Amino acid sequence: MSLPDSLRSRLLAVLAVLAVVALCLLSVRQLAQVHAAQRAMAAINARTASGTAGLPAAHANSSPVLVELFTSEGCSSCPPADALLARLQRDQPIPGANILVLEEHVDYWDSLGWHDRFSSHQLTVRQGDYVQRLHLSDSYTPQMIVDGTSEFVGNDRAHALRVIGQAAHTAKLPISLAILSSDQSHLAGTASVTPASNPFPNADVYAALVQSMASTQVLRGENGGQTLHHVSIVRQMKRIGSLADASTASLKFSLDVPADTTPAGLRLVVFLQRASDGAILGATSCPASASPEHAAAAIAPGALQHKPPTDSPNP
């Protein structure tokens, strides 16, 4: 039985209207999704551009965890580890942990095709001290060390998250840090530690001046042709006293500002490290250009360690 022509026309008109409404609703939904994606991307870009202006509110009272990465621009396995370190600093992914990162460039890759402008023999020696303390067979890159006692291949994200989460449960000594002055050549400050009931007189107080971020176009070597991105690059690290000293009076210290940067692009990290086993007992950080009143208490697991060829000057 066929419908009358007039009824058929009305049904077709209704269906056409419904189709138009459905298309409009779909377009509105897609437009909302696009706007949401744009807002999310803008937020990500803003966080990336701002570096580490501050911690999320949820981490304001978190326990400090010091994460060191021994790396080199001459090592092809290091860029993924550098990127992981940047994400740990930016995202602060572990509840209860205030992750303070140090990117430490060693110098034993420098003779293999590319001289790393951030490399330091002092940091190579520091890594060698960890080799002795942790009973390792040799130095390698990338190597990540959490709170001075746990080491692993620096691009192992799952291992990093697990160890940082464990370290966040370790009580730390509070450090008060203040910048007295800073200019184009020097930075002066003070650090003090709230006295503990059982202080560790053999613990050392270190101050590290770090460059917040930098990029390098690598022309030769294993990373030749790549642009590498870095965060929290150690430009100078100095022992400024003992924990016993810092518990009785404020330690005054001075650091040299590198000629190729300014205090505005630097941060100061101060930490306590027990001499016997390397354990980090406390850590804090603040901008290097702070006023005197400022104080502050991706690769799958199993990646191979990357050692330079045997003919390299690996200490």
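Parameters and conventions
Residues numbered from 1 in each chain as written. Predicted model: local features only at pLDDT ≥ 70, side-chain atom pairs only at ≥ 80, totals over all residues. Heavy atoms only, no water. Buried < 20%, exposed > 50% of the residue type's maximum accessible area, 1.4 Å probe, protein only. Helix = DSSP H or I, 4+ residues; strand = E, 2+ residues; numbered from the N terminus. Pairing = 2+ DSSP bridges. Phe/Tyr/Trp six-rings, centres within 6.5 Å; stacked < 30°, edge-to-face > 60°. Lys NZ or Arg CZ within 6 Å of the ring centre and 35° of its normal. Axes fitted to C-alpha atoms, helices over the stretch in contact; angles between N-to-C directions.

*Asks:* Lay out the pairing of strand β3 (residues 143-146) in plain terms, naming residues and giving numbers.
*Replies:* Residue alternation in β3 divides its side chains into two sets, Q143 and I145 and M144 and V146, and both sets are buried. As defined by bridge partners, strand β1 (residues 63-71) adjoins β3 across 4 bridges and the pair is classed as antiparallel. Residue E68 lies in a different strand from β3, and its bridge partner there is I145. With 4 bridges joining them, β3 and strand β4 (residues 150-153) adopt antiparallel strand pairing.

*Asks:* How would you sum up the packing of aromatic side chains? Please name residues and give values.
*Replies:* Throughout the structure, instances matching the rule amount to 2 aromatic pairs. Taking the centre distance of 5.3 Å and the plane angle of 15° together, the rings of Y206 and F271 count as stacked. Residue Y206 is located in strand β7 (residues 203-217), and its partner F271 is located in strand β10 (residues 266-274); the two are separated by 65 residues in the primary sequence. In this structure, Y206 and F271 share a single accessibility class: buried. Note that R126 overlies the ring of Y206, its terminal NZ or CZ placed 5.5 Å from the centroid.

*Asks:* A description of the sheet that holds strand β9 (residues 251-256) should follow, citing residues and the corresponding values.
*Replies:* Adjacent strands of a sheet pair through backbone hydrogen bonds, lying either parallel or antiparallel. The 3 strands are arranged β5-β6-β9 in an open sheet whose pairing can be described as antiparallel. Unpaired on one side and paired on the other, β5 (175-182) and β9 mark the two borders of the sheet. Averaged over neighbouring strand pairs, the angle between their axes works out to 25° when direction is ignored. In this structure, strand β6 (residues 186-193) lies alongside β9, joined through 6 bridges in antiparallel fashion. Paired with T190 across the two strands is K252, which belongs to β9.

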